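Below, each chain spelled out in residue letters.
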Amino acid sequence: MPDSHILVINAGSSSIKTALFDDHLTEVLRVEATGVGGTGTMKIGATARTADLPDNAAALAAIFDALSQQGIAVTSLRAAAHRVVHGGITLTAPCRITPEIRQAIADCIPLAPLHNPHHLAAIDAVAALAPDLPQCASFDTAFHATIPDIARRYALPDRADLTDLQRYGFHGTSYAALVRALPQQSITLPKRLLACHLGNGASLCAILDGQSVATTMGYSPLSGLTMGTRVGEIDAGAVLRLVRQLGLDETETLLHHQSGLLGLSGISSDMRSLENSTSPNARFAIDHFCYWAGRQAGSMIAAMGGLDAVAFTGGIGENSEPIRNGILDKLSWMGNFPSYTVAAQEEIQIAREASALLNA
Ligand code: ADP
């Protein structure tokens, strides 16, 4: 019976995705529950079946059942390691989940109302199913704790009730993994690295000497680049007008779920579908994506005082040469610099961080 597997858990609004890593931190199995909140789908490795998944607790119980059927007893796991989107001001490094840390994650709910409640539900469900199993958390925001105040603060009044309104940045686990991955690909870590995580969510990060000094996402994962369904950079005045016009809930839905590539193209949020489309609107959405990535890259380059290399990761960054070239084309004014492609490694990075905590 394995006793050194780490189960990485990424709990979202309607899905729980897990990846199991062995004691060499090799991924051995993926189990995913999607359509949580009703009749959903359980995917165990390559096999899928429908399942009744009324809530996160039921989905986790089904995942644990599936693991047992594969010979992995939950009581024999070394740890459950959670991806947590927001760690706020205080949670700036991976940690073991104690009652205090659980509370601190709960305290960050106002900062990430669409994410942290689902992580907490998963943490609580694991605690109920396997009370003795150590649980760890890795935060999407943590890698950006090194961003200096000048890049972090909005020009808001210095008031106690506004201190948590600042630029946090996200995709930190992916950027941390990228910094680690380049030397493993025999690439000396460039001093001034423009890192581009381009997936359904997309951001850029200015990485100076291995540390984040600026990133395009801010208070929430809504800002910065044009994304699959998120609007990216938008004037706060326009948001105020939308709230007056549509109300808060509809504005939230519009900006998070109906904008970006989907909103511009009217066809799809999926880059591959847009690349395969002959519609002028699909072309415009792709051009908008590349233009704004290139334009905001200029801001990241200024934050680092120049550029030594670019690295792409995420579903689009890894797989779409036309998009990479579209963005690099916008940076041709920078002269010559190398560009690398790195597979996104968020899950293994979370497993690695949990393993380090357990070994400490
Ligand atoms: P998430 O941010 O949800 O983790 P991914 O990192 O998997 O998403 O990225 C999903 C995006 O990657 C989608 O827009 C998808 O179309 C795009 N993508 C994946 N493969 C390709 C490809 N071969 N060419 C272009 N885009 C691709």
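Data block above holds the structure.
Residues numbered from 1 in each chain as written. Predicted model: local features only at pLDDT ≥ 70, side-chain atom pairs only at ≥ 80, totals over all residues. Heavy atoms only, no water.

**Student:** What is the right way to read the nonpolar core from this model?
**Tutor:** With 38 residues, the main nonpolar core has L194, L198, F289, V310, I323 and I327 as its most contacted residues. Elements supplying a minimum of two residues to this core: β9 (192-198), β10 (202-208), β11 (211-215), α9 (271-275), α10 (280-304), β12 (309-313) and α12 (321-330). Listed in part, the 29 residues of the second largest apolar core include I9, A59, I63 and V74. (Core = buried A, V, L, I, M, F, W, Y, C linked by side-chain atoms within 4.5 Å. Buried < 20%, exposed > 50% of the residue type's maximum accessible area, 1.4 Å probe, protein only. Helix = DSSP H or I, 4+ residues; strand = E, 2+ residues; numbered from the N terminus.)

**Student:** Would you mind going over the side chain of S203 with me for this structure?
**Tutor:** As for its position among the elements, S203 is in strand β10. The buried category is assigned to S203, whose relative accessible area is 0%. A polar atom in the side chain of S203 sits 2.8 Å from the side chain of H171. Excluding residues within four positions of it along the chain, S203 makes contact with F170, H171, Y175, A195, C196, H197, L198, T215, T216, M217 and L225. (Polar contact = N/O pair within 3.5 Å; in protein donor to acceptor, adjacent residues only side chain to side chain. Contact = heavy atoms within 4.5 Å.)

**Student:** Can you walk me through the site of the ligand in this structure?
**Tutor:** Looking at the ligand, the residues that line it are G199, N200, G201, D270, M271, R272, E275, G314, G315, I316, N319 and S320. Interatomic distance of 2.9 Å between a side-chain N/O atom of D270 and an oxygen atom of the ligand. R272 places a main-chain nitrogen or oxygen 3.0 Å from an oxygen atom of the ligand. The protein chains hide 70% of the 580 Å² of surface that the ligand would expose on its own. Contributions of two or more residues to the shell around the ligand are made by α9 and α11 (314-319). (Near = heavy atom within 4 Å. Areas by Shrake-Rupley, 256 points an atom, 1.4 Å probe, with all protein chains shown as cover.)

**Student:** Would you explain the sheet that holds β9 in this entry?
**Tutor:** Strand pairing in a sheet relies on backbone hydrogen bonds. The paired strands run either parallel or antiparallel. The strand order across the open sheet built from five strands is β11-β10-β9-β12-β13, with neighbouring strands paired in mixed fashion. The sheet is open, and its two borders are formed by β11 and β13 (339-341), each paired with just one other strand. Within this sheet the neighbouring strands show an average axis-to-axis angle of 25°, counted without direction. With three bridges connecting them, β12 and β13 associate as parallel partners. For V310, the partnering residue across the bridge sits in β13 and is S339. In the packing of α10 onto the sheet, contacts are made with β9, β10 and β11, and the angle to β10 comes to roughly 20°. (Pairing = 2+ DSSP bridges. Axes fitted to C-alpha atoms, helices over the stretch in contact; angles between N-to-C directions.)

**Student:** Sorry, what's going on with the pattern of salt bridges here?
**Tutor:** For side chains of opposite charge, pairing can occur when their charged atoms come near one another. According to the stated counting rule, one finds eight salt bridges in the structure shown. Note that R83 is salt-bridged to D140, the shortest N-O span being 2.6 Å. Taken together, the residues span a long stretch of sequence, with R83 in strand β6 (residues 79-84) and D140 in the loop between β8 (135-139) and α4 (149-152) at a distance of 57 residues. For D140, a relative accessible area of 2% translates into the label buried. (Salt bridge = Lys/Arg side-chain N within 4 Å of Asp/Glu carboxyl O.)

**Student:** Sorry, what's going on with the state of the cysteines here?
**Tutor:** By definition, a disulfide links two cysteine residues through a covalent bond between their sulfur atoms. Using the criterion set out here, one finds zero disulfides in the structure. Considering cysteine sulfurs only, C136 is the nearest to C95, which forms no disulfide, with 8.2 Å between them. Among the residues examined, C95 registers a relative accessible area of 12% and is labelled buried. Here C136 falls in the buried class, since its relative accessible area comes to 2%. (Disulfide = S-S within 2.5 Å.)

**Student:** What am I meant to see in the packing of helix α6 (residues 236-246) against helix α7 (residues 248-257) here?
**Tutor:** In a pair of packed helices, the angle between the axes and the distance between the axes together describe the arrangement. Packing of α6 against α7 brings their axes to within 7 Å, and their N-to-C directions diverge by 125°. Compared by their axis directions, α6 and α7 come out oblique. In terms of crossing hand, the pair formed by α6 and α7 is right-handed. Together, V239, L242, V243 and L246 of α6 and L248, E250, T251, L254 and L255 of α7 make up the contact between the two elements. Its residues assigned to classes, the contact of α6 with α7 shows seven nonpolar, one polar and one charged. (Parallel < 35°, antiparallel > 145°, perpendicular 65-115°, else oblique. Left-handed = near helix turned anticlockwise from the far one by under 90°. Nonpolar A, V, L, I, M, F, W, Y, C, P; charged D, E, K, R; others polar.)

**Student:** Looking at this structure, how should I read the environment of G247?
**Tutor:** The topology assignment puts G247 in the loop between α6 and α7. C-alpha of G247 to C-alpha of M304: the two residues are 57 residues apart in sequence and 39 Å apart in space.

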